[in-house]
Amino acid sequence: MRRLWPLLLASGLAVLPGCKAQPHLVERVDVVSASVADVPLLGTSASQLQAELTRRVAAEPRLQLVAPGVRPPEGAPLVRLVLELSGVREVLRPGREGLEVEVVADLTLRRKSEAGTERRELWASGVARPAGETFEDRQEAARRALEQALEDLVHGARAQLDALDRNDSALVRDLTSTDARVRDAALDVLAFRKNPRAVPLLVERLQSEDGLVVRRAMGALVDMRATQAVPALIDLTRGKDAGFQRELVFALGAIGGDEARAYLYTVAQGHDSPGVREAAERALEELTHREAFAPKEGASVEANRGQHR
């Protein structure tokens, strides 16, 4: 099973409707050497991995490598891709027989243009079952898993770049695409732009079995101050360990609103875990402090009126 979940870290751009889509120009493809050296099971070097990634980028529609010595068009956005391996491990998944090899990789995407710099971080994982129990069998499985992750990352990078060039109306339409990568890219850009259409889909992600997916959805909902998500976040606390409950408590405090405040008060007064009670108290204090210094509704309007009297 492969997974690809992008995280939006910087602002997106939009192009005028009707403009012909241009290929995304990739000026550099790099690999973090240290991350490769730490995973000898792959039996590959950073330079070999860089060559493989470059080959896949060159083969991807709408990604165009800038050849050495070639001057790109004046003002054209330029993309740099940096790959880092997060880990290679043998896993035993529920409902599956025998160990499998999982490779997790991260891809940082930076695009520079006259409007500024955009930065995206994507991650993907690939899983493969060894044909036998020898080291060679495990190594072959690790390489197949790596190929899966690279495929998802390159396709995902193209989808992310496409999404950054689309306006909100087009992205909302993309939410119904049959291509999961297009849907995910559209959702993440809409979330960064704080479009309310992203909230229900982010709430759905909270039900994922993947902890990283859940945490990234939580982060996006916090950034949006999505009070509509508070009931789902409260439900998510049930049956979770104290550490994760503390994370949820701080997320609720950051979002704010009457429902979040009431829940934090209840937890601070009587939760079984002292650590969760303390986290709720702190979150409640920070929420109260933030609200105390927030501009009162209508205050800025009255101030502006006073300046013009």
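Before any of the text, the structure's been laid out above.
So, how was this worked out
For every chain, the first residue of its written sequence is number 1, and the numbers climb from 1 along that sequence. Totals for whole chains, interfaces and linings use all residues, but because this is a predicted model, local features are given only for residues with pLDDT of at least 70 and pairs of side-chain atoms are given and counted only at 80 or more. To obtain the side-chain values, all non-hydrogen atoms of the structure were included, while hydrogens and water were left out. Any two strands between which DSSP finds at least two bridges are classified as paired. Labels follow the DSSP assignment, with helices taken as runs of H or I lasting at least four residues and strands as runs of E lasting at least two, numbered in each case from the N terminus. Note on definitions: salt bridges are taken to be side-chain nitrogens of Lys or Arg within 4 Å of carboxyl oxygens of Asp or Glu. Only protein chains enter the accessibility calculation, which uses a 1.4 Å probe; a residue is then buried when its area is under 20% of its type maximum, exposed when over 50%, and partly exposed in between. The length a helix should cover is 1.5 Å for every residue beyond the first. Each polar contact in these results corresponds to two N or O atoms within 3.5 Å; when the atoms are within protein, one needs to be able to donate a hydrogen and the other to accept it, and residues that are neighboring in sequence are counted only if both atoms are side-chain atoms. With axes taken as lines fitted to C-alpha atoms, and helix axes fitted only over the stretch in contact, angles between N-to-C directions fall between 0 and 180 degrees. The handedness criterion is simple: a crossing whose near helix is rotated anticlockwise from the far helix by less than a right angle is left-handed, and one whose near helix is rotated clockwise is right-handed. For this analysis, residues touch if any pair of their heavy atoms sits within 4.5 Å. Gly falls in the polar group here, along with every residue not listed as nonpolar (Ala, Val, Leu, Ile, Met, Phe, Trp, Tyr, Cys, Pro) or charged (Asp, Glu, Lys, Arg).

A. Structural detail: the pairing of strand 6 (residues 116–128). Where strand 5 (residues 100–113) lies against strand 6, 13 bridges are found, and the strand directions are antiparallel. Paired with Arg111 across the strands is Glu118, a residue of strand 6. In textbook terms, the turn of a hairpin is the stretch between consecutive antiparallel strands, and for strand 5 and strand 6 this stretch comprises two residues.

B. Focus on the pattern of salt bridges. Applying the stated criterion to the full structure yields 22 salt bridges. Salt-bridge contacts for Glu52 lead to Arg55; the nearest nitrogen and oxygen are separated by 2.8 Å. Remark: Arg55 and Glu52 occur in helix 2 (residues 46–59); sequence separation between them is three residues, near one turn of the helix. We classify Glu52 as partly exposed; its relative accessible area is 25%. Here Glu60 ties to Arg158 by a salt bridge, and the two come within 3.1 Å at their closest N and O atoms. Within this pair, whereas Glu60 is found in the loop between helix 2 and strand 3 (63–65), its partner Arg158 is found in helix 3 (residues 135–164), the two being separated by 98 residues in sequence. Each of Glu60, Arg62, Arg158 and Asp162 takes part in one network of salt bridges that share partners.

C. Expanded view of helix 5 (residues 180–192). Its 13 residues place the ends of helix 5 19 Å apart at the C-alpha level, agreeing with the 18 Å of an ideal helix rising 1.5 Å per residue. Along helix 5, the residues that are buried comprise Val182, Asp184, Ala185, Ala186, Leu187, Asp188, Val189, Leu190 and Ala191. The distance from a side-chain oxygen at the start of helix 5 to the backbone nitrogen of Arg181 is 2.9 Å, and the residue carrying that oxygen is Asp179. Backbone geometry just downstream of helix 5 places Lys194 in the positive-phi region, at approximately 60 degrees.

D. Fine view of the packing of helix 10 (residues 258–270) against helix 11 (residues 274–293). Between helix 10 and helix 11, the least distance of the axes is 8 Å, while the angle of their chain directions is 145 degrees. In this structure, the crossing between helix 10 and helix 11 has a hand that is left-handed. Contacts between helix 10 and helix 11 involve Arg261, Leu264, Tyr265, Val267, Ala268 and Gly270 from the former and Val276, Arg277, Ala280, Glu281, Ala283, Leu284, Leu287, Thr288 and Glu291 from the latter. For the contact of helix 10 with helix 11, the class distribution of residues is nine nonpolar, two polar and four charged.

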